[in-house]
Amino acid sequence: MATRGRPRTFDPDAALRTALDVFWERGYEGTSMTDLAEAIGVASASIYSCFGGKEDLFRQVVRLYGSLSGEPPRRALREQPTARAAIHAMLRATADEITRPGTPHGCMLVLAAPTGAVENHGVREFLADRRRAVLAEIRDRLVRGVIEGDLTVSMDDLDALARYYTTVVQGLSIQARDGATRAELETVVTCAMAAWTALTSPPPSVSPPSPPVSPS
């Protein structure tokens, strides 16, 4: 039996891309279903029918974002031959993506997060999980560097190193949203990589004190 109901009058893929831009620019709490319906050009009922509610749509949008803007930094982590080169390329790819012309500046995982209403706890945790996944990917690449022999750090130092470069990634996003240019972000990347040697070098050995000289 044929299903009843009006056929969709919009392209779901195009609608998802439009919703991505709206959520990315306004954040989760700053976006209403009316905003989405106006941007996509259909009635709210059509969005509910195709994607579910606002939270369902947002989760699909975040996954789409990960497959688009999130992929170049992940690819950099995978493909570079050393841990240092991977981190450097990841930071530069991140700076490229968060200042790309024609899209809102900054990382959606950082900037679209809800901050207040209790009912948005699930969305906050969903985004936190995605950010924790970024930390895990960076840490895994550093572990690979240890295994392959181009990085020599303790596990405690490795965890701190992963958190440091994850923090740089998130900070780049805030800077981009506040108007920093791609060239200005490159100076941050340069500073972050200048810290690599200090962060990954073993502490200098301390020579034991010389024995006291006996009086003659």
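Residues numbered from 1 in each chain as written. Predicted model: local features only at pLDDT ≥ 70, side-chain atom pairs only at ≥ 80, totals over all residues. Heavy atoms only, no water.

Per an unreviewed UniProt entry, the chain carries the name TetR/AcrR family transcriptional regulator and comes from Actinomadura harenae.

**Here's the deal with the UniProt feature "DNA-binding region" (unreviewed entry) in the chain**
What counts here: UniProt positions are given in the numbering used here, feature names are shortened, and annotations may be inferred rather than shown by experiment. A helix here means a DSSP run of H or I that spans at least four residues, while a strand means a run of E at least two residues long, and both kinds are numbered starting from the N terminus.
As annotated in UniProt, the feature "DNA-binding region" (unreviewed entry) corresponds to residues 32-51 in the numbering used here. In residues 32-51, the share of helix is 80% and the share of strand is 0%. The end C-alpha atoms are 15 Å apart.

**Looking at the environment of D56**
Note that D56 resides in helix α4 (residues 54-68). Along the primary structure D56 and V123 are separated by 67 residues, whereas in three dimensions their C-alpha atoms are 9.7 Å apart.

**Some thoughts on the packing of helix α5 (residues 71-79) against helix α6 (residues 83-98)**
As a reminder of what qualifies: Comment: axis = line fitted to C-alpha atoms, over the contacting stretch for helices; angle = value between 0 and 180 degrees taken between N-to-C directions. Roughly parallel here means an angle under 35 degrees, roughly antiparallel means over 145, roughly perpendicular means 65 to 115, and every remaining angle is called oblique. Whether two residues are in contact is decided by their heavy atoms, any of which lying within 4.5 Å being enough. Ten residue types, Ala, Val, Leu, Ile, Met, Phe, Trp, Tyr, Cys and Pro, are classed as nonpolar, four, Asp, Glu, Lys and Arg, as charged, and the remainder, Gly among them, as polar.
Contact geometry of α5 with α6 gives a least axis separation of 8 Å together with a crossing angle of 170°. Here α5 is positioned roughly antiparallel relative to α6, judged by the angle of their axes. Contact residues: P72, P73, A76 and L77 in α5; A86, I87, A89, M90, A93, T94 and E97 in α6. Residues belonging to the contact of α5 with α6 are distributed by class as follows: nine nonpolar, one polar and one charged.

**Quick notes on the side chain of T31**
To keep things clear, this is the line we draw: Each residue gets one of three labels from its accessible area relative to the maximum for its type: buried under 20%, exposed over 50%, partly exposed in between, using a 1.4 Å probe on protein chains only.
Checked against the element boundaries, T31 lands in the loop between α1 (12-26) and α2 (33-40). T31 gets classed as buried once you look at its relative accessible area, which sits at 2%. Contacts of T31, omitting those with residues within four sequence positions, involve V22, F23, R26, L36 and K54.

**A word on the pattern of salt bridges**
Basically, it comes down to this: By convention in these notes, a salt bridge is any Lys or Arg side-chain nitrogen within 4 Å of a carboxyl oxygen on Asp or Glu.
Applying the stated criterion to the full structure yields 14 salt bridges. Its salt-bridge partner being E55, residue R59 comes within 2.9 Å of it at the nearest N-O pair. One end of the pair is R59 and the other is E55, both in helix α4 and four residues apart, which spans about a single turn. Overall, E55 belongs to the partly exposed group, its relative accessible area being 28%.

**Some words on the environment of S67**
Among the structural elements, S67 can be located in helix α4. Residue class for S67 comes out partly exposed when judged on its relative accessible area of 43%.

**Brief notes about the packing of α6 against helix α9 (residues 155-177)**
Rules: Two helices crossing with the near one rotated counterclockwise from the far one by less than a right angle form a left-handed crossing, whereas a clockwise rotation gives a right-handed crossing.
Contact geometry of α6 with α9 gives a least axis separation of 10 Å together with a crossing angle of 20°. Regarding the angle of α6 to α9, the classification is roughly parallel. Along this stretch, α6 crosses α9, giving a crossing that reads as right-handed. Residues I87, M90, L91, T94 and I98 of α6 form the contact with α9, whose participating residues are Y165, V168, V169, L172, S173 and A176.

**With respect to the environment of A37**
Counting through the fold element by element, A37 comes out in helix α2. Assessed through its relative accessible area of 9%, A37 is described here as buried. Counting along the chain gives ten residues from A37 to I47, while the straight-line C-alpha distance between them is 7.3 Å.

**Here we look at the packing of aromatic side chains**
Convention followed: Pairing of aromatic rings covers Phe, Tyr and Trp, the last through its six-membered ring, and needs centres within 6.5 Å; plane angles under 30 degrees mean stacked, over 60 mean edge-to-face, and all others mean tilted. As a reminder, the over-ring test applies to NZ of lysine and CZ of arginine, requiring each to be within 6 Å of the ring centre and within 35 degrees of the ring normal.
Per the stated rule, a full pass over the model turns up six aromatic pairs. Ring centres of Y28 and F58 lie 4.9 Å apart, and the angle between their planes is 65°; on these two criteria the pair is classed as edge-to-face. You can see Y28 sitting in the loop between α1 and α2 and its partner F58 sitting in helix α4, a full 30 residues away along the chain. Exposure class is identical for Y28 and F58. Each is buried. Members of the aromatic cluster, connected to one another through ring pairs, are F23, Y28 and F58. In this structure, R59 is placed above the aromatic ring of F126, and the distance from its NZ or CZ to the ring centre is 4.7 Å.

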